[in-house]
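Spelled out from the first residue to the last, the chains are:
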Amino acid sequence: MAWFSRPGRPCDACRKRKIRCLVSDSARDCVLCRSHGQQCTFLEAPPKKKRKQTDVVSPEEAAVASISPAETQQEQPHDYSNCPEASLLSQTLGHQHFRTNSYIGATSSPSRLLLELPSTSQPGRYRASVSGSEVRRVGQDGYFLMLPDDQDAIKEQLEVLDKIEAAISPYGPALVELYFRIVHPSFPILHKDVFLVKYGRSYRELTPACLAAVYMLALNWWSYSVDLADSVKPDISDLEQLVPGLIAFDKAAKVSDIQAGLLFLQRPRHDSWRLTAQLVATAEEVGLHRDCTDWEIPGWEKGVRKRLAWALFMQDKWGALVHGRPSHIKADNWEVFPLEHDDFPENVEEDHVEQGSSEVEKGILIFIHLSTLTQILSNVIDELFTVEASKRHGSTVALLQTVKPIQLRLKSWYNNLPSCLELDTTTSRKLSATGQLYLAYLTVEVTLHRAIVESEMKKPLDAGLRQITREAAIMRFKSVVDFLKRLKPEHMQGFWHFASGSCLAIIGTFSLVLLATSTDPNESRAIYSQIAEFRWLLKINGPGAGFTKPAVDLLQSNAGFLARYRPQGPTKVIPGNIQGRANRPAGQTQSKTLSNTGSQDEVDGNIANTQAFENISEDLHASPSGIGFSPGQAWLYDFDDLVSQVCST
């Protein structure tokens, strides 16, 4: 397969954007038109060229002139400040090439107050920094130092760009198309048209990190491109070695490098808490934590900044959860407004017709609802898992009172999900990313219950309340198992957020906590059986989805631990049946007395320590029917009756 500029003339869309019209030898339409789900047309007549009498070519005309692939490597990117008003890149703040913008904070060396003073004369004017830089004011307290990149750094960057392109060539355009078909709809941190306009002129207009990240992430769906499926996937081992240098901490801060870093982190098994911290610091340097609604920058750039800011917020909060670390982003320094549909330039009309694509409209909704769910997760971390929070809860009863409003927010979040995001709602021959959204929700629920169960072991509840909390916790784990049963290949092959694999591992850990803290033999057998099914579902789905591996490895490494709890006979009792408990008379609710301590001899007498966890498949048929759920059924346990009992004690 070969990619080339269309001979003769570009299509109408590429002519309008003044970019190369890239087509493959196996496709009729160009990259730009295919990415927008439209056909190439050749209806418009070429515009008449107007030249001054001196016939001098303007910088903009020279920059956007059509170039061949051979000329691309030598094309020097232009200064976007010279773009005409109609250009998408005109007046951009953070997407200038070979220029860096640095946010001037309240306590920075440059004084925002002095910058606001009227200048009477050039010699007496306040200067914010050394010669060669300039200050740009985009709004109230929105001052940026605009710094030119070092010439040696520019030369090195161009050399690295050429290496990246050489490692991927000739598949670059097909990978770009693949990225915007599958990844971008569910993780829209780039602006598609801006990227394609730059890429259409020359790959050298992009930063090395951003170009490499798009290529490398798209490679995960290589077989989903009709142009690539029959080709041999390129060896990117040399490209992998370039990655650490592309996102080095001592580089100039650029918006595109934050985008690239987030994309690198979405690759399976490439999560890094240190890189997340670095990206947060970089975002602060470019003012991504500030509200840009009223800034004097292009409208599309405001949308990019908001989407990127919330993507970083999600990376930080979910990273804090899965790594067990303090979050870097704090509410008192976060001014970004919640995402709205208008912050996304794409719409349903841009759905790609090729099979294996992701749906644009669903992707937007998933991204928005995942950002609101992450705000609830942030609340969970702050209220339950910080050092200060651990000192506030002197008892498990106090913890339960803290949990209730959070759980109600979760319930409201779930009930407000649009019907098009129901898990069973998939489109023929389209990949679906809704699985990541429901897994994230269940992980937040599980995290709440884990906090309660672990607190109860140290600060015991009375027998009745303990039974209620354990039933609710077991019900939540069963909901996860039911969720895994309902996943389809369209879900498993779609885009999954970086934390998805770790979320499954957290849920696996939660199941082990439930098992280890159980003092009722029947309950232990039921939990064990659910763990067996959980592992089985992970294994059968694993070959098509590498993100399940952390949870599988976790359970495998704990085979010896689980063998202690292997039941001898089939499970007959189903604990955790909340509906059954709710329908019993109040006097029968505490008929079974449980204790958070028990005789190890008694436990060992009811738990067989015989076979290893590898041989558990026979238990699947003996597992309890459990608690299933339909698409319209909320997977929530209402804490109202629990907390009412707590408050009356």
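Residues numbered from 1 in each chain as written. Predicted model: local features only at pLDDT ≥ 70, side-chain atom pairs only at ≥ 80, totals over all residues. Heavy atoms only, no water.

The chain carries the name Zn(2)-C6 fungal-type domain-containing protein in an unreviewed UniProt entry, which gives Cladophialophora immunda as its organism.

Draft legend 1. Structural context of the overall build of the chain. A count of helices and strands for the chain gives 26 helices and seven strands. The buried share of the chain, reckoned over its 649 residues, is 55%. Nonlocal contacts in the chain, meaning residues at least 24 apart in sequence, comprise 77% of its contacts between residues at least 6 apart. Of the roughly 28500 Å² of accessible surface on the chain, 51% is carried by carbon and sulfur atoms. (Helix = DSSP H or I, 4+ residues; strand = E, 2+ residues; numbered from the N terminus. Buried < 20%, exposed > 50% of the residue type's maximum accessible area, 1.4 Å probe, protein only. Contact = heavy atoms within 4.5 Å. Areas by Shrake-Rupley, 256 points an atom, 1.4 Å probe, with all protein chains shown as cover.)

Draft legend 2. Expanded view of the pairing of strand β5 (residues 142-148). Of all seven residues that make up β5, five are buried, and the element is covered over most of its length. Examined bridge by bridge, strand β3 (residues 99-103) and β5 share five bridges and lie antiparallel to one another. By the bridge assignment, Asn-101 is partnered in β5 with Met-146. Here five bridges tie strand β4 (residues 134-139) to β5, and the two strands are oriented antiparallel to one another. Directly across from Arg-136, in β5, lies its bridge partner Phe-144. A loop of two residues connects β4 with β5, the two strands running antiparallel in sequence, and Asp-141 in this loop sits at a positive phi of about 60 degrees. (Pairing = 2+ DSSP bridges.)

Draft legend 3. Quick look at unusual backbone geometry. A cis amide bond, omega 10 degrees, links Ser-169 with the succeeding residue Pro-170. Relative to the helices and strands, Pro-170 is located in the loop between α6 (151-168) and α7 (172-183). For Arg-269, which is not glycine, the phi dihedral falls at a positive 60 degrees. A relative accessible area of 62% places Arg-269 in the exposed class. You will see that Arg-429, though not glycine, has its phi angle at about 60 degrees, which is positive.

Draft legend 4. A look at the sheet that holds β5. Taken together, the three strands give an open sheet; going across it, the order is β3-β5-β4, and neighbouring strands pair in antiparallel fashion. Each of the sheet's edge strands pairs with one partner strand only, and the pair in question is β3 and β4. Looking at each pair of strands side by side, their axes are set apart by 30 degrees on average, direction ignored. (Axes fitted to C-alpha atoms, helices over the stretch in contact; angles between N-to-C directions.)

Draft legend 5. Summary view of the UniProt feature "transmembrane region" (unreviewed entry) in the chain. According to UniProt, the "transmembrane region" (unreviewed entry) feature falls on residues 495-516. Spanning residues 495-516, this segment combines 77% helix with 0% strand, and its end C-alpha atoms are found 34 Å apart. (UniProt positions renumbered as here; feature names shortened; annotations may be inferred.)

Draft legend 6. View of the packing of aromatic side chains. Per the stated rule, a full pass over the model turns up 17 aromatic pairs. With a centroid separation of 6.0 Å and an interplanar angle of 20 degrees, the aromatic rings of Phe-195 and Tyr-199 are classed as stacked. Of the two residues, Phe-195 and Tyr-199 both sit in helix α8 (residues 192-201), four residues apart, roughly one turn of that helix. Like Tyr-199, Phe-195 is buried. Taken together, the aromatic side chains of Tyr-179, Phe-180, Phe-195 and Tyr-199 make up a single cluster linked through ring pairs. (Phe/Tyr/Trp six-rings, centres within 6.5 Å; stacked < 30°, edge-to-face > 60°.)

Draft legend 7. Representation of the pattern of salt bridges in the model. Per the counting criterion, the structure on display carries 18 salt bridges. The residue Arg-470 makes a salt bridge to Glu-523 at a minimum N-O spacing of 3.1 Å. One end of the pair, Arg-470, is in helix α18 (residues 463-486); the other, Glu-523, is in helix α21 (residues 521-541), with 53 residues separating them in the sequence. Exposure class is identical for Arg-470 and Glu-523. Each is buried. When the shortest N-O distance is used, the salt bridge between Glu-533 and Lys-485 registers 3.0 Å. Of the two residues, Glu-533 is situated in helix α21 and Lys-485 in helix α18; the sequence distance between them amounts to 48 residues. Assessed through its relative accessible area of 43%, Lys-485 is described here as partly exposed. Taken together, the shared-partner salt bridges connect Asp-482, Lys-485 and Glu-533 into one network. (Salt bridge = Lys/Arg side-chain N within 4 Å of Asp/Glu carboxyl O.)

Draft legend 8. Highlighting the side chain of Arg-290. By the secondary structure assignment, Arg-290 is in the loop between α12 (273-285) and α13 (299-323). For Arg-290, a relative accessible area of 16% translates into the label buried. A distance of 2.5 Å separates a polar atom in the side chain of Arg-290 from a polar atom in the side chain of Glu-335. (Polar contact = N/O pair within 3.5 Å; in protein donor to acceptor, adjacent residues only side chain to side chain.)

Draft legend 9. Examining α21 more closely. With 21 residues, α21 extends 30 Å between its outermost C-alpha atoms, agreeing within 8% with the 30 Å of an ideal straight helix rising 1.5 Å per residue. Where burial is concerned, most of α21 is hidden: 15 out of the 21 residues are buried. Its side-chain oxygen at 2.8 Å from the backbone nitrogen of Asn-522, Asp-520 defines the N-terminal cap of α21. (Expected span 1.5 Å × (residues − 1).)

Draft legend 10. Quick peek at the nonpolar core. Counting residues in each nonpolar core, the largest one holds 159 residues, and the members touching the most others are Leu-175, Phe-195, Phe-264, Trp-318 and Phe-534. Excluding anything up to four places from it in sequence, Leu-175 contacts Ile-168, Tyr-215, Ala-218, Leu-219, Trp-222 and Leu-228. Ranked by size, the runner-up nonpolar core spans eight residues in total, among them Leu-93, Tyr-103, Phe-144 and Ile-297. (Core = buried A, V, L, I, M, F, W, Y, C linked by side-chain atoms within 4.5 Å.)

Draft legend 11. Broad picture of the environment of Met-457. For Met-457, the position within the fold is in helix α17 (residues 434-458). A residue is classified by how much of its surface remains accessible, and Met-457, at 30% relative accessible area, is partly exposed. Between the alpha carbons of Met-457 and Thr-396 there is a distance of 9.2 Å; along the sequence they are 61 residues apart.

Draft legend 12. Inspection of the packing of α18 against α21 at higher detail. Contact geometry of α18 with α21 gives a least axis separation of 9 Å together with a crossing angle of 25 degrees. Accordingly, the angle class assigned to the pair α18 and α21 is roughly parallel. For the crossing formed where α18 meets α21, the hand is left-handed. Residues Arg-470, Ile-474, Phe-477, Lys-478, Val-480, Val-481, Leu-484 and Lys-485 of α18 touch α21, and the partners they reach there are Glu-523, Ile-527, Gln-530, Ile-531, Glu-533, Phe-534, Leu-537, Leu-538 and Asn-541. (Parallel < 35°, antiparallel > 145°, perpendicular 65-115°, else oblique. Left-handed = near helix turned anticlockwise from the far one by under 90°.)

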